[in-house]
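Here is how the chains run, residue by residue.
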Amino acid sequence: MTYSRKLLQDLYATMLRIRMSEEGFVEPILNREIRCPVHLCSGEEAIAAGVCSVLEKDDYIFGNHRSHGHYLAKGGGLKEMVAEVFCRETGCSRGRGGSMHLIDPSCGMLGSAPIVGGTISLALGAAMAAWVRGTRQVAVSFFGDGATGEGTLAESLNFAALKKLPIVFVCENNLYSTHLCIDEIRVSRNIYKMALPFGEKGHRIDGNDVLKVYEHAKQAVELCRNGEGPVFLECLTYRQRGHVGPDDNVQGTHTDIRPAAEVKRWLKKDPIKRLEKYLLQQGGFTAEELQKVQAAISREVSEAFDFARQSPFPAKEDLSSYVFA
Amino acid sequence: MSLPNRTLSYSLAINEAFHQLMERDESVMLIGQGVKSPWYVGNTAQGLLARFGERRVIDTPVSENAMTGAAVGAALAGMRPIVEHPRMDFMLYAIDPIVNEAANWFYMNGGKLPVPAVIWGVINRGGEQGAQHSQALHALFAHIPGLKVVMPATPTDAKGLMIAAVQDDNPVVFIDDRWLYGEEEVVPEEFYSIPLGKGIVRRQGSDVTIVAVSYMVREALKAAEELAQQGIQAEVVDPRTVKPLDFDLIHQSLQKTGRLVVADGGWKTCGVAAEIAALAAEKAFTCLKAPVQRVTLPDLPAPASRTLEAAYYPASADIVNAVNRLVQPCHEELALLHRVSYAAQ
């Protein structure tokens, strides 16, 4: 399989943009400049980047508590995201939502929410809307392995299959449901098989290989557009940071009980390093070219943090705005 | 051809609202359990499937959580869905999409995306159906910021409020009562809406205000007839929407009568009657000549047996009794004496 230069560079830029902003949050979280709960997705960038790279602007996505990557990959504004994590008026949710409520309807990012499984049926509904209207839009639901314990997932899989709705269920399986290893919440690690009894196509893929994610997502979205959805993609990955915040152990609660050797093993599978290796060895990119991309993204991220810090907090007088439309 | 005095039942008034909404706006759709079956929804959905097709009229698996979530998600994607629950009890499976998602979405996203969904729940009391087919849970939803709660008492209101609910950009919980489905009156054939948050005086009176909700409006009007024979003129106020609540209208009535009975088909504790009583104490204290009386369900689950049902559901006689407790001239003095003698013991 060969990939266009533009696609490769876009994937790289998206993943870097996510990683650099995630890592940028670490310091301000630790020094309490940022107070809202922040669930960093460092290490999981390939899934958001790969899936969203095959979506059109008017396709829909919904995220969960760990959705900085989904929002950015779908085209949500970086400045507005960083400002939202800082809970400023200029944030994408005007400081009313914080890190867990990112939204940008102008690019089809219809929202994210930390009620585990809570947005799966919302994505189902967005897919239903496309189906009712007869457009070729597709909806993507991003959720984690923890959400497989929720009944709403089974309900949504059934209804999506029943009506052949254009929805891609993307399960980011990072092997931990907050602190709990997957083996303690499920009898089987094969999450993708949940879709099979409903007659849905289900695949397990290496979620740290952005090109694999891209290929599967492309196929899945095409099927959906042709009325042959839904598709279930289980993407194996690992979070490099804590469940919430930079690292539960660094933050002093010592609640991250993942074995050190396991963490180390997964750090070696870092999706960005893997893509860099591919770009240099097979993609025809030079080290200099990659450095140029890095420098540009780094500048962009640093400007977004400046923007957030200089932005005002919401005014007290506006407490009761936006209760009703 | 339309007839000048065309009458329609409450349930067919809802049906007419659906037909008129769906023919005018392609984004309106109906989804829920049993929309194909009169067993579930009476004749409220008749003719819709044949006319608008199975993509806009969807009978669903028994999956209240995901189906309600799908309606909310469709609303976020620009549709105006009505999601139907043939018994309110089943809606409890859907609390997450209603309360966590729909009610909060607009606020927690800084006003970026509205949720124009109607969540339609049917109260289906009586008939020895027991505790899990009979609940009236409107107070629970009225408690939640971001939700509007509509409870029409007449066929004309059922149609006009359903149209307003669907046209509203916010999540609206529309609650009707199967006991009202057979009510008939002249209902305008044209497409009209009744504003959410505006109550109506159903009967003028000067001695006591009876605020009655949904089915209890009918009981309050019966009670008012009976009271009139005793020489007591009761004013009956129907708030029509429980949230937002038109307390101004209630206040105006209290300025005239000074006495308040609230009749609600929900439970007493933390219920709609409690909220209206609290508002009266807070905003209309100087008007009140007597303590507020509540006529509600007792704080216990609905029983099955017909003998217990008869004792459980409040009716016009309970409202008459409550009014009589208020208007007896020596009521306050008696109460005071009672307290004094009690304290002395």
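Along each chain, numbering runs from 1 in the same order as the chain's sequence is written. Chain labels run from A onward and ligand labels from 1 onward, assigned in the order the entries are written. In keeping with the predicted nature of the model, local features appear solely for residues at pLDDT of at least 70, side-chain atom pairs appear and are counted solely at 80 or more, and the whole-chain, interface and lining totals rest on all residues. Derived side-chain values reflect all non-hydrogen atoms in the structure, with water molecules and hydrogen atoms excluded from consideration.

J.: In this structure, what is going on with the overall build of chain B? I would like to understand it.
T.: Secondary structure elements are defined from DSSP: runs of H or I of at least 4 residues count as helices, runs of E of at least 2 residues count as strands, and each element is numbered from the N terminus. What chain B contains, in helices and strands, is 13 helices and 14 strands. Put simply, the radius of gyration uses C-alpha atoms, and a globule should come to 2.2 Å times the residue count raised to 0.38. Scaling as 2.2 N^0.38, a compact globule of 345 residues should have a C-alpha radius of gyration of about 20 Å, and chain B matches this with 21 Å. In terms of overall dimensions, chain B has a C-alpha envelope of 70 × 50 × 40 Å along the principal axes. The cut-offs for exposure are 20% and 50% of the maximum accessible area for each residue type, with area from a 1.4 Å probe on protein chains only; residues under the lower value are buried, those over the upper are exposed, and the others partly exposed. Per-residue burial for chain B yields a buried fraction of 60% across its 345 residues. Pairs of residues are marked as contacts when any of their non-hydrogen atoms sit within 4.5 Å. Contacts spanning at least 24 positions in sequence make up 83% of the contacts within chain B whose residues lie at least 6 apart.

J.: Would you mind going over the pattern of salt bridges with me for this structure?
T.: Here, a salt bridge means any Lys or Arg side-chain nitrogen found within 4 Å of an Asp or Glu carboxyl oxygen. Applying the stated rule across the entire model yields 28 salt bridges over all chains. The closest approach of N and O atoms between A:D256 and A:R258, which form a salt bridge, is 3.0 Å. In terms of burial, A:D256 and A:R258 fall into one category: buried. Three or more residues are tied together by salt bridges with common partners; here these are B:D157, B:R202, B:D238 and B:R240.

J.: I'm lost on the sheet that holds strand β13 (residues 260-267) of chain B in this one. Help?
T.: Either a parallel or an antiparallel arrangement is found when strands of a sheet pair, and the pairing is made through backbone hydrogen bonds. Residues and elements named next belong to chain B. The strand order across the open sheet built from five strands is β9-β11-β10-β13-β14, with neighbouring strands paired in mixed fashion. Looking at which strands have only one partner, the edges of the open sheet turn out to be β9 (200-203) and β14 (293-297). On average, each strand axis in the sheet is tilted by 25° relative to the strand beside it, whichever way the strands run. Where strand β10 (residues 208-212) meets β13, four bridges bridge the pair, whose relative direction is parallel. Across the sheet, I210 pairs through a bridge with V261, a residue of β13. Paired strands, in this sense, are two strands between which DSSP finds at least two bridges. To define axes, lines are fitted to C-alpha atoms, for helices over the stretch in contact only, and angles between the resulting N-to-C directions are given on a 0 to 180 degree scale.

J.: Whenever I open this one, the UniProt feature "domain: Dehydrogenase E1 component" (unreviewed entry) in chain A confuses me. Can you help?
T.: What UniProt calls "domain: Dehydrogenase E1 component" (unreviewed entry) maps, in this numbering, to residues 32-315 of chain A. With 38% helix and 13% strand, the stretch residues 32-315 of chain A has end C-alpha atoms that lie 20 Å from each other. UniProt positions are given in the numbering used here, feature names are shortened, and annotations may be inferred rather than shown by experiment.

J.: What exactly am I supposed to notice about the packing of helix α1 (residues 5-30) of chain A against helix α7 (residues 210-225) of chain A here?
T.: Pairs of packed helices are described in terms of their axes, by the angle between the two and the distance that separates them. Residue and element names in this part refer to chain A. Where α1 meets α7, the axes come as close as 11 Å, and the angle between the chain directions of the two elements is 115°. With respect to their mutual orientation, α1 and α7 come out roughly perpendicular. α7 is crossed by α1, and the crossing has right-handed handedness. Along its contact with α1, which presents L7, L8, L11 and M15, the element α7 presents V210, L211 and Y214. An angle below 35 degrees is treated as roughly parallel, one above 145 as roughly antiparallel, one from 65 to 115 as roughly perpendicular, and anything else as oblique. Crossing chirality is assigned from the near helix's rotation relative to the far helix, an anticlockwise turn below a right angle marking it left-handed and a clockwise turn marking it right-handed.

J.: Help me understand the side chain of A:R225 in this model?
T.: Within the secondary structure, A:R225 is located in helix α7. Contacts of A:R225, omitting those with residues within four sequence positions, involve A:V54, A:L55, A:E56, A:D59, A:R136, A:Q137 and A:V138.

J.: How do you make sense of the sheet that holds strand β7 (residues 172-177) of chain B when you look at a structure like this?
T.: Residues and elements named next belong to chain B. Taken together, seven strands build an open sheet; the order of strands is β3-β2-β4-β5-β7-β6-β12 and the sheet is mixed. Taken across any chain shown, the strands that pair with only one partner, and hence form the sheet edges, are β3 (57-59) and β12 (241-243). Between one strand axis and the next, the sheet turns by 20° as a mean value, whatever way the strands run. For strand β5 (residues 118-123) and β7, the ladder comprises six bridges, and the chain directions are parallel.

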